[in-house]
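One letter stands for each residue in the lines below.
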Amino acid sequence: MPELPEVEVVRRGLETHLLGRRIEAVHVLHDRPVRSHPGGADGFSAALVGRRVDAVRRRGKYLWFALGDDAVIAHLGMSGQFRVNDPADPHLRHTRVLFGLDDGTQLRFLDQRMFGGFEVVEAGALDPVPHIALDPFDPDFDPAAVARRLRARHTTVKRALLDQRLVSGIGNIYADEALWRARLHFEHPTEALSQLRARQLLTHAGDVMREALAEGGTSFDALYVNINGESGYFERELDAYGREDRPCRRCSTPMVRRKFTNRSSFLCPKCQRLPRDIRTNA
């Protein structure tokens, strides 16, 4: 699933192309991306046609187009993509929604796995996702306060990092990267962290995501690309995620892959060991 850096790459591309553009036509080729709209595909189209895009904003993994006072939330899900095309261009496979713009171009939404989609929020231009916490790129993000809330959770550090109500935008890839940098095992209890270590962990998460953004994000396959169809290159810089059996870049110990919920965690078994007292009590 695209995480904060990948969604921010898409947001910047959309902003460059959409800002000030008027939506002249909407064609829903598959109903699932607009399943949350009470009026269905026709109602979704009617709500957008004639509206101007005043801003393209993001919080965590959520994007939204500000249309006057209203907002259209766009979530990429597992495989959602936006592409800018000439209307005469052939449709790529998995094209789901077409937005005709007043400059003669067409914005297309593609989604192979069909977990992404759109939601219209009236009077939501400034904050249509209040249930999502601020992310580390937000100027109002307070790492000290978030660190205190993280330590107050009775859970483990990776579960906390992935909780979008605590801090948004971090997914499986960048959680593993932040934990590697912090030398923390993914099962380290949150209440066993000092305030300093909790803040350091959040700093590492922000740092690695900024580095990923500078490289266009992380692309493991064709499911994440920017609006021009280009892939990101941060995969080459990953220290933990996907590096099973490869040497740790700190100590050369082979990296391991461990089960985490219905996903995997990648870590160094030497650099990221649980403290002895925690292992004993686990």
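Predicted model, so just to flag it, every value in this text is computed and none were measured.

Basis of the calculations
Residues numbered from 1 in each chain as written. Predicted model: local features only at pLDDT ≥ 70, side-chain atom pairs only at ≥ 80, totals over all residues. Heavy atoms only, no water. UniProt positions renumbered as here; feature names shortened; annotations may be inferred. 1 Å grid on protein atoms, 1.4 Å probe; cavity = no way out; pocket = protein on both sides within 12 Å on 5 of 7 lines; lining within 4 Å. Helix = DSSP H or I, 4+ residues; strand = E, 2+ residues; numbered from the N terminus. Buried < 20%, exposed > 50% of the residue type's maximum accessible area, 1.4 Å probe, protein only. Core = buried A, V, L, I, M, F, W, Y, C linked by side-chain atoms within 4.5 Å. Contact = heavy atoms within 4.5 Å. Points joined across faces, edges and corners; volume = space filled by probe spheres on them. Nonpolar A, V, L, I, M, F, W, Y, C, P; charged D, E, K, R; others polar. Pairing = 2+ DSSP bridges. Axes fitted to C-alpha atoms, helices over the stretch in contact; angles between N-to-C directions. Polar contact = N/O pair within 3.5 Å; in protein donor to acceptor, adjacent residues only side chain to side chain.

Per the UniProt record, the feature "active site" (unreviewed entry) sits at Pro2, Glu3, Lys61 and Arg263. Set against the second largest pocket, the annotated residues that line it come down to Lys61 and Arg263. By the element assignment, Glu3 lies in the segment before α1 (4–18). Under the relative-accessibility criterion, Glu3 is labelled buried at 3%. Along the chain, Lys61 falls in the loop between β2 (55–59) and β3 (62–67).

Okay, the nonpolar core next. The biggest cluster of nonpolar side chains holds 33 residues, and the ones touching the most others in it are Leu161, Ile170, Tyr174, Leu179 and Leu201. Looking at this core element by element, the count peaks at 7 residues for helix α6 (residues 195–214). Setting aside residues up to four positions removed in sequence, Tyr174 forms contacts with Glu3, Pro5, Glu6, Val208, Met209, Ala212, Gly217, Thr218 and Phe234. Among the nonpolar cores identified, the runner-up in size contains 30 residues, and Leu63, Val72, Leu101 and Phe118 belong to it.

Here the second largest pocket is characterised by a volume of approximately 250 Å³. For the second largest pocket, the lining is made up of 14 residues, of which Met1, Lys61, Leu162, Gln164 and Arg263 are closest to its centre. Grouping the constituent residues of the lining of the second largest pocket by class yields 6 nonpolar, 5 polar and 3 charged.

The next thing to look at is the sheet that holds β3. Strand-to-strand pairing in sheets goes through backbone hydrogen bonds, with the strands running parallel or antiparallel. Ordered by their spatial adjacency, 4 strands build an open sheet running β2-β3-β4-β8, and the pairing between neighbours is antiparallel. Strand pairing shows two members of the sheet lacking a second neighbour, β2 and β8 (117–121), which therefore form its edges. Going from strand to strand, the sheet's axes swing by 25 degrees on average, the running direction of each strand aside. Sheet topology note: the strand β4 (residues 70–75)/β8 ladder contains 5 bridges and is antiparallel. Each bridged residue has a counterpart across the sheet, and for Val72 the counterpart in β8 is Val120.

What follows deals with the UniProt feature "binding site: DNA" (unreviewed entry) in the chain. Taking the UniProt record as the reference, the feature "binding site: DNA" (unreviewed entry) is found at His94, Arg113 and Arg153. With the annotated positions falling across 60 residues, the maximum pairwise C-alpha distance of 40.3 Å shows that they are not confined to a single cluster. Within the fold, His94 resides in the loop between β5 (80–85) and β6 (95–101). Those residues within four positions of His94 in sequence are excluded, and the remaining contacts are Phe109, Leu110, Asp111 and Gln112. Relative to the assigned elements, Arg113 resides in the loop between β7 (106–111) and β8.

The subject of this paragraph is the environment of Asn226. Positionally, Asn226 belongs in the loop between α6 and β9 (256–260). Separated by 212 residues in sequence, Asn226 and Leu14 place their C-alpha atoms 9.1 Å apart. Contact partners of Asn226, with chain neighbours within four places excluded, come to Val9, Phe82 and Arg83. Reaching out from Asn226, the side chain makes a polar contact with the backbone nitrogen of Asn228 at a distance of 2.9 Å.

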